[in-house]
Amino acid sequence: MKKEVTGAQALMLSLIEEGVDTIFGYPGGAIIPVYDALYDFRDKVNHILARHEQGATHAAQGYARVSGKVGVSLVTSGPAATNAITGIADALLDSTPLVVIAGQVGTSLLGTDAFQEIDVVGITQPITKWSYQIRHAKDITWAVARAFYIARNGRPGPVMLDFTKSAQNEMVEFDYKPCTFIRSYLPYPEIRENQIDKAAQLINEAKKPYALVGQGVILANAEKELIDFLEKADIPAASTLLGLSAMPSDFRLNKGFLGMHGNVAPNMKTNECDVLIAIGMRFDDRVTGDLNTYAKQAKIIHMDIDQSEIGKNVPVDAPILGSVKESLPALTAKINSAKHTDWIDSFGEYDKQEYDAVIRNEVYRTEGELTMGEVVNKITEATKNKAVVVTDVGQNQMIAARYFKYTETRSVVTSGGLGTMGFGIPAALGAKVGAPDRTVCLFAGDGGFQMTMQELGTIMQENLGVKIILLDNRFLGMVRQWQELFFDERYSFTHMKNPDFVAIAKSYNIDSRLVTKREELDDAIADMLKDDKPYVLVVEVEQKGMVYPMVPAGSCVTNIIM
């Protein structure tokens, strides 16, 4: 016999049917019925009370990125829904599966400019995979099932459900049917054998094949398939920012990090290879630089699940549409075993140049001010390269990407496409909830830290063992770097007078320590990592530190400043 429940209860039962075990949220008037229903499901669903709705969505992102599940955020109407917009947009650009549920005024008040009414569907349609307003309780189970199907299948992304208060209060018979098909949405395109054949022929004829690895490999759980493919044809590979942990850092064919602040060899070899194989990546401008000079000598193979990405930025000779979980094994079966020893060894020449010009001074300095690079390097070594690294945005992000190392997949949580300052703290606490048994290290700058530092309250309340490393250079570091290089050192409003970060952390009952000297660093890191409690390590680093190498925006990828 079907059970009659309120719409709010139907929502909670539907979320449980979808396997939701954690919600990040913030209550308010238009969502109170759902929170009242949630009270009776506390044994099944863990609710994390954020301190701001933006924090709730970023936390849900962090949870999704490390767990592989759909992140869920629950907020009220009006300003709460608009506060969530940044996290929703961030999730769209970084392909993060997210379902955000916002309260809304009752249906009789829609369109009247009622208190805290806003057109949530209209605002979010451009930044979601699907946005829908639930006006009647009978539509709840259908909408939730559809939302989760769209969010997690195909290229993942965010979905918004705008939930009217009247629908929350209506009675309805609960009958849940998971969504398994939407006629207008084909998330997994059929892989065409002729596309595989063409790509295999290019690879088999190549003398200098080169693979670019994106987050699509991680989202498809295709890490093993990637390794098998690379090893069979002996193909060197480099990663985008979001694809960094798809391969272990010490994997012999892993040649490092692509992009504006990436490693020299991966960027230079882009314009030396004869076949370029893009795997689950979108040719972002931070990777390609000037498209007019990008890999013009190479035949391009592009493997992606999203048709809109293929040919969007870079002309493609052999497109392979479909999930790389399926297309990589199909391609591996048709390529020849090969050895490209001389080609792979040639990466080492550039590696030595980069070590001598940049890494030696950044990571292994023995005198002068502390550098960001040496802090990151010491912490990755102390965690045996097994931690999840979360970053905010700016110099801290690029330094962490360059020098943190990985042994496990789903180990990088950062805002890639949107570049959201303030992402770090909430995303890190979400990552810790999603991977409670792993060490989670957040690298943040003093600018981004102060944008969402209220989420220290969430960390305190939940006692989440997030290790926050605050690289304090008293500047908005990345903007200052651009000002130094391209704006005649006119440091317009980038210097920051900062508060006592240690005192702030301790006011939230979080252990904290300030490091100003190199000889203090090892002991402070050991103190931070001795247990699974939250910690804020404030490290004063050189004020005018630079992140090198650097490819200037819009330049050729081989135009590298060191």
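Residues numbered from 1 in each chain as written. Predicted model: local features only at pLDDT ≥ 70, side-chain atom pairs only at ≥ 80, totals over all residues. Heavy atoms only, no water.

### Some words on helix α7 (residues 140-152)
Side chains that are three or four residues apart share a direction in an α-helix, a result of its 3.6 residues per turn.
Stage number 1. With 13 residues, α7 ought to run about 18 Å at 1.5 Å a step, and its terminal C-alpha atoms sit 18 Å apart, in line with that.
Stage number 2. The element α7 is largely enclosed, with a buried count of ten among its 13 residues.
Stage number 3. For α7, the full list of buried residues reads Ile140, Thr141, Ala143, Val144, Ala145, Ala147, Phe148, Tyr149, Ile150 and Ala151.
Stage number 4. Just past α7, the residue glycine 154 takes up positive phi, approximately 70°. (Helix = DSSP H or I, 4+ residues; strand = E, 2+ residues; numbered from the N terminus. Expected span 1.5 Å × (residues − 1). Buried < 20%, exposed > 50% of the residue type's maximum accessible area, 1.4 Å probe, protein only.)

### So, the sheet that holds strand β7 (residues 158-164)
Stage number 1. Ordered in space as β3-β2-β4-β5-β7-β6, the six strands form an open sheet in which the pairing is parallel. Each edge of the open sheet is held by one strand with a lone partner, namely β3 (46-49) and β6 (130-134). On average, each strand axis in the sheet is inclined to that of its neighbour by 20°, with strand direction left out of account.
Stage number 2. For β6 and β7, the ladder comprises five bridges, and the chain directions are parallel. Of the residues in β7, the one forming a bridge with tyrosine 132 is leucine 161.
Stage number 3. Its contacts with the sheet put helix α3 (residues 53-67) on β2 (22-25), β4 (71-75) and β5 (98-104), and the angle it makes with β4 is roughly 165°.
Stage number 4. The sheet contacts of helix α19 (residues 424-434) involve β2 and β3, and relative to β2 the element is tilted by about 165°. (Pairing = 2+ DSSP bridges. Axes fitted to C-alpha atoms, helices over the stretch in contact; angles between N-to-C directions. Contact = heavy atoms within 4.5 Å.)

### Here we look at the domain arrangement of the chain
Accessible area lost during the coming together of the parts is what is often quoted as the interface size.
Stage number 1. Once the domains are mapped, the chain shows domain 1 (4-173), domain 2 (193-347) and domain 3 (370-540).
Stage number 2. Distance from the C-alpha centre of domain 1 to the C-alpha centre of domain 3: 29 Å.
Stage number 3. Contacts between the two partners involve 25 residues from domain 1, matched on the other side by 27 residues from domain 3.
Stage number 4. Across the domain 1/domain 3 interface, buried area totals approximately 2,000 Å², and carbon plus sulfur atoms make up 62% of it.
Stage number 5. For the domain 1 face of the interface with domain 3, the top three residues by lost area are Arg51, Arg65 and Val66, together amounting to 33%.
Stage number 6. For the pair domain 1 and domain 3, the number of links is zero salt bridges.
Stage number 7. Counting across the interface, domain 1 meets domain 3 through twelve residue pairs in polar contact (both at pLDDT 80 or more).
Stage number 8. Here the side of domain 1 that touches domain 3 takes eleven residues from α3, the largest share from any one element.
Stage number 9. Taken together, the residues that form the side of domain 1 that touches domain 3 break down as ten nonpolar, eleven polar and four charged. (Domains from an automatic or database assignment. Buried area = accessible area lost by both parts, 1.4 Å probe. Salt bridge = Lys/Arg side-chain N within 4 Å of Asp/Glu carboxyl O. Polar contact = N/O pair within 3.5 Å; in protein donor to acceptor, adjacent residues only side chain to side chain. Nonpolar A, V, L, I, M, F, W, Y, C, P; charged D, E, K, R; others polar.)

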